[in-house]
Amino acid sequence: MPLEDIETAIRILSEIMPGDSRKSRGPKRAKSPFRSCVSCMLSAQSLDRNTAAATTALFKLARSPKGMLKLSDEQIATAIRPAGLYNMKTRNIRKFCEQLLEDHDGVVPQTRDELLKLHGIGRKCADIVAHFVFGEKHIAVDTHIRRVCQRTGIAVGKTADQVAVSLDARAPDWAKPEAHFWLLNFGKRICKSRTPECTSCPIRQFCNYPDKVRA
C-alpha cells in the first residue's frame, strides 16, 4: 500500500473507531512502570480479565523487584495462575526482577531499546511500556493489529515484530498516540479473524487482502 493510501486509511479509521479508553485494563493502565512490565509479561496468551486478576493477586504479595524476589516460586505461580503458563511466567518474572536490580538498580528504563534488553520483554511489551507509561510514540502490535496490517498492507512482515518495525516506519507521526486503539478496534469489529466484514469495510478500496469477501 502506498504511503499516501496508508495515511488516508488510518485517518478514516481515526474518524470511526474508538480511540484511547480509560476503561481499558491490563498493562496500558498499570500504576507503575514495573507493574506495567509484569502485567504485560502475564498477558501473553491470556484474556485481559485473567491478566488483570493475576496482576492484582501478585501485587498484593509484592510491589517491587526486591519484594518479588523474596517470594517463592510457588507463591508467584499460585498468584498468577489465572493468566496461564504460570510456571514459565514465574521464571520470567524472577529473571526480569534479577536483571532489573543488577543492571538498573530496580528502576525500569524508559526507552524501547533498553526495555528490549530485559528478560521477558519482547517488542510488544516494550512498545506498550514505552508508549503508555513513558510517552514515546510507538504502536504496539498485538494479534489483531498484526492481522489488520498484513491483510490491508498498512504494514508488512511475517511476524508481529516485523509488522511492528514496518508500522513504525510507515505510520504518520500524528497517528501514533492513538493508532493502536483504532487498528485494534477495527480488527475486533470489522477485520475479524474468521469472518471479516469486508463488504462494510471503510478502507476496502485500499485493502490488499486477496481473499476479501466480495460485495
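Residues numbered from 1 in each chain as written. Predicted model: local features only at pLDDT ≥ 70, side-chain atom pairs only at ≥ 80, totals over all residues. Heavy atoms only, no water.

Novice: Give me the packing of helix α2 (residues 33-42) against helix α8 (residues 123-133): which residues, what numbers.
Specialist: Angle between the axes and distance between the axes: these two values describe a pair of packed helices. The interhelical angle for the contact between α2 and α8, taken along N-to-C directions, is 150°, at an axis separation of 10 Å. Classified by chirality, the crossing of α8 by α2 is right-handed. Here α2 contributes P33, S36, C37, C40 and M41 to the contact with α8, which in turn contributes C125, I128, V129 and V133. Across the contact of α2 with α8, the residue classes tally to eight nonpolar, one polar and no charged. (Axes fitted to C-alpha atoms, helices over the stretch in contact; angles between N-to-C directions. Helix = DSSP H or I, 4+ residues; strand = E, 2+ residues; numbered from the N terminus. Left-handed = near helix turned anticlockwise from the far one by under 90°. Contact = heavy atoms within 4.5 Å. Nonpolar A, V, L, I, M, F, W, Y, C, P; charged D, E, K, R; others polar.)

Novice: Quick rundown of the side chain of H180? Include the residues and the values.
Specialist: With respect to the helices and strands, the residue H180 is situated in helix α11 (residues 179-189). Accessibility expressed as a relative area gives 3% for H180, which makes it buried. A distance of 2.8 Å separates the side chain of H180 from the backbone oxygen of A140, its partner in a polar contact. (Buried < 20%, exposed > 50% of the residue type's maximum accessible area, 1.4 Å probe, protein only. Polar contact = N/O pair within 3.5 Å; in protein donor to acceptor, adjacent residues only side chain to side chain.)

Novice: So, helix α1 (residues 3-16): which residues are in play, and what are the values?
Specialist: Look at α1: 20 Å from first C-alpha to last across 14 residues, which is about the 20 Å you get at 1.5 Å a residue. For α1, the set of buried residues is I6, A9, I10 and L13. One side of α1 holds all its buried residues, which, seen down the axis, span an arc of 95°. Projecting away from the buried face of α1 at angles above 90 degrees are the exposed residues E4 and E15. On its buried face, α1 is in contact with α10 (160-170) and α11. (Expected span 1.5 Å × (residues − 1). Arc of directions from axis to C-beta.)

Novice: I'd love a proper account of the packing of aromatic side chains, names of residues and values included.
Specialist: Enumeration according to the criterion identifies four aromatic pairs in this entry. Ring geometry for F132 versus F181: centroids 5.7 Å apart, planes at 85°, classification edge-to-face. Here the residue F132 occupies a position in helix α8, and F181 occupies one in helix α11, the gap between them amounting to 49 residues. A relative accessible area of 4% places F181 in the buried class. Across from the ring centre of W174, 4.1 Å away, lies the NZ or CZ of R11, which sits over that ring. Across the ring face of Y86, the terminal group of R81 is positioned such that the distance to the ring centre comes to 4.2 Å. (Phe/Tyr/Trp six-rings, centres within 6.5 Å; stacked < 30°, edge-to-face > 60°. Lys NZ or Arg CZ within 6 Å of the ring centre and 35° of its normal.)

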